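# A structural walkthrough
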Amino acid sequence: MLLAALVAAFWTFVFWDGWRGRRRFPHLFPPCEREAGDGRQTGDAPDPELPFVSVVVAARNEAETLRRALPTLLGQAYPAYEVIVVDDRSTDGTSAVAAAVAAALGAAAPPVRLIRIDALPPGWLGKNHALARGAAEARGSLLLFTDADVHFQEEALRTAVRFMRARRLDHLALTPRLVARRGAVRRFSRYFMFSFMILERLWWAGDPERKHRGAGVGAFNLVRRSAYEAVGGHAAIALRPDDDLALGRRLRAAGFRQAFAGGAALLSVEWYPSLRAAAIGLEKNALAGVGYRYAFAAAALLGQALFFLWPFVAVWITEGWARAGYAFSLAAMIALYVRVVAPLSAERWSEVLKDVPFVPLTALGFNAIFLRAVVLTAWRGGITWRGTFYSLAELRAGMGSPAGASCRGERRR
């Protein structure tokens, strides 16, 4: 009975807190019609209301994904922007593909610059170093950090910048629509979004009273250059695998105005092609999310099992008030799942509701993948990310203090 009361109390709080904070999590949509003369055309004069944006893309061995995604980024209906593609030690012709895509679009494309990195300096993760190098070369007053596999709708950048300016923001993070070709992967991605939203209480990321609730998204982190430089840029998070989230938290903790919003109508990305790929991809972030502390990892596993998985079992094997408590918990969980996931995935609530029978199995799989990542990280003594090994010692050292490196890879004195 006490356990049932604890679980019911948890879901009561989460549901109440999430419902209160739902207005803090807006969703952006492109305009129904483009205003005459506002789109980017060859020879257009820059719109004085829209600042120059530098889009920084870090890519390592992503020639094929870049071939498909880069044209969508270069086709933005935005009058003043540049794209900086940073090739981080690729061996598959990533730079050549980026150059070919830009050349094919010709004068219709915005300026595209390619930066090639051949060696990774000490004290950096590859992606963070690449983004820092791109930011150092950028000319815009706004910096957009994105990934090489993100597909943009034509109005994405303009919609985001206008929203940012209307809210007087320093940082805007947008969640993309996660595309999955297989049903199991799709359900896993939705459950991941749901549990992550609850764990981080991301609906409060834009609340000025909650400076510890900062957030970021690797697919779309749009930040004012002055704010980015004020918090030390990527040099301050040089060894953070969760660089997107870490940057957002630093910006929010420093008092900069931030919004975390749904961008499923503006951008999309294929999260992982299979559950195996998801398990491998999540190896780098499992322990990072709990500060590389095994006790916290154990607590996270226990919490997932107790609050997300156990109610589905307990409602069938308990009686009386205990069963009522678990039934209430399931009702609150399902209602919040649909409320959170439907807009994030750009699906009808009726479609998302079809996931519910699979939630226990998905939660079990999520715990298995998380446990696997923790065990492998401990056994290997670190993580391997995109072909480079990073030890736990250096990753832990990079959690709480800025890296001793500038964005050009030189040691700070």
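Residue positions are counted from 1 within each chain, in the order its sequence is given. Totals for whole chains, interfaces and linings use every residue, but because this is a predicted model, local features are given only for residues with pLDDT of at least 70 and side-chain atom pairs only at 80 or more, for both listing and counting. Based on all heavy atoms of the structure, the side-chain values leave hydrogens and waters out of the count.

## Here's the deal with the environment of Trp124
The test is simple: Put simply, DSSP marks the helices as runs of H or I at least four residues long and the strands as runs of E at least two long, and each gets a number from the N terminus on. Exposed residues in this analysis have more than 50% of their type's maximum accessible area, buried residues have under 20%, and partly exposed residues fall in between, with area computed by a 1.4 Å probe over protein chains only.
Among the structural elements, Trp124 can be located in the loop between strand S3 (112-117) and helix H4 (126-137). Here Trp124 falls in the buried class, since its relative accessible area comes to 2%. For the pair Trp124 and Arg240, spaced 116 residues apart in sequence, the C-alpha to C-alpha distance is 8.7 Å.

## Some remarks on the sheet that holds strand S9 (residues 258-262)
As a reminder of what qualifies: Any two strands are treated as partners once DSSP identifies two or more bridges connecting them. Lines fitted to C-alpha atoms define the axes, with helix axes restricted to the stretch in contact, and inter-axis angles between N-to-C directions lie between 0 and 180 degrees.
What the 7 strands build is an open sheet, ordered S3-S2-S1-S4-S8-S6-S9; its pairing is mixed. In this open sheet, the two edge strands, each paired with only one partner strand, are S3 and S9. Shown here is a sheet whose adjacent strand axes are inclined to one another by a mean of 15°, direction ignored. Here strand S1 (residues 53-59) runs beside strand S4 (residues 142-147); their pairing, made up of 6 bridges, is parallel. Within S4, the position partnered with Ala58 by the bridge is Asp147.

## Here's the deal with the domain arrangement of the protein chain
Let me state the cut-off plainly: Segmentation of the chain into domains, including their bounds, is taken from an automatic or database domain assignment. Reported buried area values correspond to the accessible surface (1.4 Å probe) lost by two parts on association, with both partners' losses combined. Any carboxyl oxygen of Asp or Glu within 4 Å of a side-chain nitrogen of Lys or Arg constitutes a salt bridge here. For the purposes of these results, a polar contact is taken to be a pair of N or O atoms within 3.5 Å, where, inside protein, one atom must be able to donate a hydrogen and its partner to accept one; residues adjacent in sequence count only when each atom of the pair is a side-chain atom.
Considered domain by domain, the protein chain is made up of domain 1 (1-22 + 277-398) and domain 2 (51-273). Placing a centre on the C-alpha atoms of domain 1 and another on those of domain 2 gives a separation of 25 Å. Taking both sides of the interface into account, the surface hidden between domain 1 and domain 2 amounts to around 3500 Å²; carbon and sulfur atoms contribute 69%. Among the residues of domain 1 in contact with domain 2, Leu344, Trp385 and Arg386 are the three that bury the most area, contributing 18% of the side total. Scanning the region where domain 1 abuts domain 2 turns up 4 salt bridges. As a salt-bridge pair, Glu347 and Arg190 come within 3.4 Å of each other at their nearest N and O atoms. Between the two partners, domain 1 and domain 2, sit 9 residue pairs in polar contact (both at pLDDT 80 or more).

## Looking at the sheet that holds strand S5 (residues 151-152)
Strand pairing in a sheet is mediated by backbone hydrogen bonds. Such pairs are either parallel or antiparallel. Taken in spatial order, the 3 strands of this open sheet run S5-S10-S7, and their pairing is mixed. At either margin of the open sheet sits one strand with a lone partner, and together these are S5 and strand S7 (177-179).

## Describing the UniProt feature "domain: Glycosyltransferase 2-like" (unreviewed entry) in the protein chain
We count it as follows: UniProt positions are given in the numbering used here, feature names are shortened, and annotations may be inferred rather than shown by experiment.
Following the UniProt record, the feature "domain: Glycosyltransferase 2-like" (unreviewed entry) maps to residues 54-177 here. Counted over residues 54-177, helix gives 38% and strand 27%. Its end C-alpha atoms are 23 Å apart.

## So, the UniProt feature "transmembrane region" (unreviewed entry) in the protein chain
Here the UniProt feature "transmembrane region" (unreviewed entry) sits at residues 294-317, 324-346 and 358-379. Secondary structure content for residues 324-346 is 96% helix and 0% strand, while the C-alpha to C-alpha distance between its ends is 33 Å. When the span residues 358-379 is considered, its composition is 95% helix and 0% strand, and the gap between its end C-alpha atoms is 31 Å.

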